[in-house]
Amino acid sequence: MHGKSALITGITGQDGSYLAEWLLSRGYRVYGLVRRSSTENLERIEHLKEQINLISGDLLDQKSLIAAVETACPDEVYNLAAQSFVPVSWHQPVLTAELTALGVTRMLEAIRTVNDKIRFYQASSSEMFGRVQEVPQTEKTPFYPRSPYGVAKVYGHWITVNYRESYGMFACSGILFNHESPRRGLEFVTRKITNAVARIKLGLQDRLVLGNLEARRDWGYAGDYVKGMWLMLQQETPGDYILATGETHTVREFVKIAFEHVDLDYEKYVVIDPRLFRPAEVDLLLGDPSKARAGLGWQPEVSFEQLVKMMVDADLARWGKKV
Ligand code: NAP
Ligand code: F7E
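Quantities reported herein were computed from a predicted structural model and do not represent experimental measurements.

Between helix H8 (residues 251-261) and helix H10 (residues 304-322), the shortest axis-to-axis distance is 9 Å and the interhelical angle comes to 55°. One way to sum up the angle between H8 and H10 is to call them oblique. As H8 runs across H10, the sense of the crossing is right-handed. Residues Phe254, Ile257, Ala258 and His261 of H8 touch H10, and the partners they reach there are Phe304, Glu305, Val308, Lys309, Met311, Val312 and Asp313. Here the contact of H8 with H10 is built from residues that sort into 7 nonpolar, 1 polar and 3 charged.

All right, on to the pairing of strand S6 (residues 171-176) then. By the criterion of burial, S6 is predominantly enclosed, with 6 of the 6 residues buried. Here S6 shows two buried faces, one formed by Ala171, Ser173 and Ile175 and the other by Cys172, Gly174 and Leu176. Looking at chain direction, strand S5 (residues 119-125) and S6 are connected through 6 bridges and run parallel. Counterpart to Ser125 in the pairing with S6 is Leu176. Across 3 bridges, S6 lies against strand S11 (residues 241-243) in parallel orientation.

Turning our eyes to something else, we now look at the site of ligand 2. Ser84, Ser125, Tyr149, Arg278 and Glu281 are the nearest of the 22 residues found near ligand 2. Contacts to ligand 2 include Ser125, whose side-chain N or O atom sits 2.6 Å from an oxygen atom. Within the backbone of Gly211, one N or O atom sits 2.9 Å away from a nitrogen atom of ligand 2. In isolation ligand 2 has 700 Å² of accessible area, and contact with the protein removes 95% of it. Grouping the constituent residues of the shell around ligand 2 by class yields 9 nonpolar, 6 polar and 7 charged.

A separate point is the packing of helix H2 (residues 62-72) against helix H4 (residues 93-114). Interaxial distance between H2 and H4 falls to 9 Å at its minimum, and their mutual angle equals 50°. On the basis of their axis angle, the class for H2 and H4 is oblique. The hand of the H2/H4 crossing is right-handed. When H2 is examined against H4, the residues Gln62, Leu65, Ile66, Val69 and Glu70 are found in contact with a partner set consisting of Arg106, Met107, Glu109, Ala110, Thr113 and Val114. A per-class count over the contact of H2 with H4 returns 6 nonpolar, 2 polar and 3 charged.

On to the domain arrangement of the protein. For the protein, the domain assignment lists domain 1 (5-179 + 220-243) and domain 2 (185-218 + 248-282 + 302-322). Carbon and sulfur atoms supply 59% of the area that domain 1 and domain 2 bury against each other, a total of about 1400 Å² over both sides. Linking domain 1 with domain 2 are 1 salt bridge, by the criterion used here. Across the pair Arg217 and Glu127 runs a salt bridge, and its minimum N-O distance is 3.8 Å. Where domain 1 meets domain 2, there are 2 residue pairs in polar contact (both at pLDDT 80 or more). Of all elements in the fold, only helix H3 (86-91), strand S10 (220-221) and helix H7 (222-232) reach the threshold of two or more residues within the side of domain 1 that touches domain 2. Element by element, the count of residues in the side of domain 1 that touches domain 2 is highest for H3, at 3 residues. Residue classes in the side of domain 1 that touches domain 2 are distributed as 7 nonpolar, 4 polar and 4 charged.

Once that is clear, we can look at the packing of aromatic side chains. To describe a pair of aromatic rings, one takes the distance between the centres and the angle between the planes. Counted by the stated rule, this structure contains 13 aromatic pairs. Ring centres of Phe143 and Trp158 lie 6.3 Å apart, and the angle between their planes is 65°; this geometry places the pair in the edge-to-face category. Of the two residues, Phe143 is situated in the loop between S5 and helix H5 (148-167) and Trp158 in helix H5; the sequence distance between them amounts to 15 residues. Classification of Trp158 by relative accessible area gives partly exposed; the value is 49%. Ring centres 6.0 Å apart and planes at 20° place the aromatic pair Trp219 and Phe304 in the stacked group. On the criterion of sequence distance, the pair formed by Trp219 in the loop between strand S9 (216-217) and S10 and Phe304 in helix H10 is long-range, its members being 85 residues apart. Accessibility assignment for this pair places Trp219 and Phe304 in one class, buried. Within the aromatic cluster, the residues linked to one another by ring pairs are Phe129, Phe143, Trp158 and Phe177.

Reading the values: rules and limits
Residues numbered from 1 in each chain as written. Chains lettered and ligands numbered in written order. Predicted model: local features only at pLDDT ≥ 70, side-chain atom pairs only at ≥ 80, totals over all residues. Heavy atoms only, no water. Axes fitted to C-alpha atoms, helices over the stretch in contact; angles between N-to-C directions. Helix = DSSP H or I, 4+ residues; strand = E, 2+ residues; numbered from the N terminus. Parallel < 35°, antiparallel > 145°, perpendicular 65-115°, else oblique. Left-handed = near helix turned anticlockwise from the far one by under 90°. Contact = heavy atoms within 4.5 Å. Nonpolar A, V, L, I, M, F, W, Y, C, P; charged D, E, K, R; others polar. Buried < 20%, exposed > 50% of the residue type's maximum accessible area, 1.4 Å probe, protein only. Pairing = 2+ DSSP bridges. Near = heavy atom within 4 Å. Polar contact = N/O pair within 3.5 Å; in protein donor to acceptor, adjacent residues only side chain to side chain. Areas by Shrake-Rupley, 256 points an atom, 1.4 Å probe, with all protein chains shown as cover. Domains from an automatic or database assignment. Buried area = accessible area lost by both parts, 1.4 Å probe. Salt bridge = Lys/Arg side-chain N within 4 Å of Asp/Glu carboxyl O. Phe/Tyr/Trp six-rings, centres within 6.5 Å; stacked < 30°, edge-to-face > 60°.

Here it is in structure tokens:
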């Protein structure tokens, strides 16, 4: 029996790098779609370069997606590529829609063109719940997105469901709540905090400028969540699942634990800048992962406190080496 093969879009991102590791550990041949840039951008997958195959392509370019699927001949496609930073979606709403919404259709069409038996995972988001209609949020909670990003993800979710229902494709939408790691982009609040805490502790920075400290998120560890993505595609029938911890914490709590971990008082360093507040905020996210627990046997292993400390420790080690 030959091993399975998978194509990951967004392999250079946080989740793409953990998913590639996970699939390699399961004996997969791993292909990753990478877009052209003038400077190499493979930091998160540098350690995997010898074991994976990179294919040039762009979610904005239909032909390149068909060619990527033809080259990889995958059993499974994981569509993780997106414009994923919420604030940018207000500045570049059309690009966000082209990529985060229509990009999903392009990938589904590429699969349908080459081989409609390929299994498909779509990276949907808790941002679709936005102004939440119930607490906690389940797979049945109505969507009410609050940003152009959230709106684009709602489209991506429904086009995935629609291709499943229209063409009988094995297409799954994973509705993932925030998940973080030492590989999280520096612009997201968790990594912005842990990076600053490390730099402040080492005397490289003296303050941390943040926006809304009262927003609540259901934060988990990215390494746990990629296993759930894979599990969705191993089931007998396709479906949509929430991955979440079932706990919610404020940004303030994250900040407090991160500073306390290095024996500092956050109130001495954190400055609030109203310009970092969003035009429309998502105040409270709390996911109910019961369906994934029962149906996939999935549950997160890293706790909130462990996650914060893991990220601070990784940034301390990174900056410690440089000073
Ligand atoms: P990320 O670190 O921002 O990675 C995004 C990836 O998309 C990068 O590899 C990026 O490539 C790629 N990409 C961007 N534009 C592209 C294009 N035009 N063509 C091809 N690739 C392109 O995001 P992440 O945190 O790993 O998240 C993965 C996915 O899950 C995203 O769809 C995100 O919206 C979704 N999601 C994330 C979370 C979370 O908490 N992390 C929660 C729910 C859903 P470059 O390196 O070239 O920029
Ligand atoms: O913001 C508040 C901000 O940018 C979290 C993406 O992966 O998860 C992510 O989206 C909260 C918000 O993530 C700052 O107002 C305060 O309430 O880390 P974030 P996000 O918007 O929740 C979802 C599930 C995705 O799908 C997205 O792709 O933190 N906040 N001060 C701040 N946020 C940022 N970025 N920077 C601040 O200074």
